[in-house]
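Coordinate analysis (summary)
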Amino acid sequence: MSDNDRSHIQKIFEETYPQRARAKNPDAYAAMFTEAALQMPPNAPDRYGKADIAAGFAQQIADKDLDPTLTAEEIQIMGDFGYVVGIAMVTVHPHDGSPAIKIKFRGLWLMKKEQGEWKIDRQIWNEKPQ
């Protein structure tokens, strides 16, 4: 495993993804994914491709702000594919003035290197007890 590849994936997981979730820009959020990406969120339909992922993200943030902190626990590289397993602690700030909610997720991302850049190809996560 290349330390550079591992560092790049860790940066996407721990820095880029949370920044783009906070920024609330669906197109910038979807740019982290491959063209043929599959996102499998809990309690929601699967999302196929960047356009569907952007639309799903826009719907997700329409009535709330997200403040996620992600920590990578395991990263493996296999040629132009890799995966990351980690934990996300997300503070959800509803726009209706309700109190913020803290949620813990466990995630698994399959990463794919496209034109020298790591992108999310498959993403699944589920909610965990605090």
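Above this text sits the structure in question.
Residues numbered from 1 in each chain as written. Predicted model: local features only at pLDDT ≥ 70, side-chain atom pairs only at ≥ 80, totals over all residues. Heavy atoms only, no water.

This part is about the packing of aromatic side chains. Counting across every chain of the model gives five aromatic pairs. When the centroid spacing of 3.9 Å and the interplanar angle of 5° are considered together, the rings of Y29 and F57 count as stacked. Linking Y29 in helix α2 (residues 26–30) with F57 in helix α3 (residues 49–61), this pair joins segments that are 28 residues apart in sequence. One exposure class covers both Y29 and F57, and it is buried. Here the aromatic cluster, defined as three or more aromatic residues joined through ring pairs, consists of F13, Y17, Y29, F33, F57 and W109. (Phe/Tyr/Trp six-rings, centres within 6.5 Å; stacked < 30°, edge-to-face > 60°. Helix = DSSP H or I, 4+ residues; strand = E, 2+ residues; numbered from the N terminus. Buried < 20%, exposed > 50% of the residue type's maximum accessible area, 1.4 Å probe, protein only.)

In this structure, R47 sits in strand β2 (residues 47–48). Sequence-distant contacts of R47, defined by excluding residues within four places in its chain, comprise A37, L38, Q39, P41, D52, I53, G56, F57 and Q60. (Contact = heavy atoms within 4.5 Å.)

Here we take up the pairing of strand β5 (residues 101–114). Of the strand pairs in this sheet, strand β4 (residues 81–94) and β5 are connected by twelve bridges, and their pairing is antiparallel. Across the sheet, the residue bridging to M89 is K104, located in β5. Remark: six residues form the turn of the hairpin made by β4 and β5, two consecutive strands paired antiparallel; G97 in that turn has positive phi of roughly 90°. Pairing between β5 and strand β6 (residues 117–128): eleven bridges, direction antiparallel. By the bridge assignment for β6, K113 is matched with W118. Between β5 and β6, which pair antiparallel and follow one another directly, the connecting turn spans two residues, one of which, Q115, has a positive phi of 50°. (Pairing = 2+ DSSP bridges.)

Our focus in this paragraph is the pattern of salt bridges. Any two side chains of opposite charge can pair, on the condition that their charged atoms come close. One pass over the structure, following the stated rule, counts seven salt bridges. Salt-bridge contacts for D5 lead to K113; the nearest nitrogen and oxygen are separated by 2.9 Å. Of this pair, D5 sits in helix α1 (residues 3–23) while K113 sits in strand β5, and the two are 108 residues apart along the sequence. With relative accessibility at 12%, the residue D5 sits in the buried group. With a closest N to O distance of 2.7 Å, R22 and D67 form a salt bridge. On the criterion of sequence distance, the pair formed by R22 in helix α1 and D67 in strand β3 (residues 64–78) is long-range, its members being 45 residues apart. The class of R22 is partly exposed, set by a relative accessible area of 39%. (Salt bridge = Lys/Arg side-chain N within 4 Å of Asp/Glu carboxyl O.)

This part is about the sheet that holds β2. Across the sheet, which stays open at both edges, the six strands sit in the order β2-β1-β6-β5-β4-β3 with mixed pairing between neighbours. The open sheet has two edge strands with one neighbour each: β2 and β3. Here β3 pairs with β4 via 14 bridges, running antiparallel. Within β4, the position partnered with L70 by the bridge is A88. Sheet strands touched by α1: β1 (33–40), β3, β4, β5 and β6. Its angle to β3, the strand with the most contacts, is close to 170°. (Axes fitted to C-alpha atoms, helices over the stretch in contact; angles between N-to-C directions.)

Let us look at the environment of Q130. Among the secondary structure elements, Q130 is positioned in the segment after β6. In the structure, Q130 is positioned 27 residues away from I103 in sequence and 7.2 Å away in space, judged by C-alpha atoms. Discounting chain neighbours no more than four positions away, the residues touching Q130 are M89, K102, I103 and K104.

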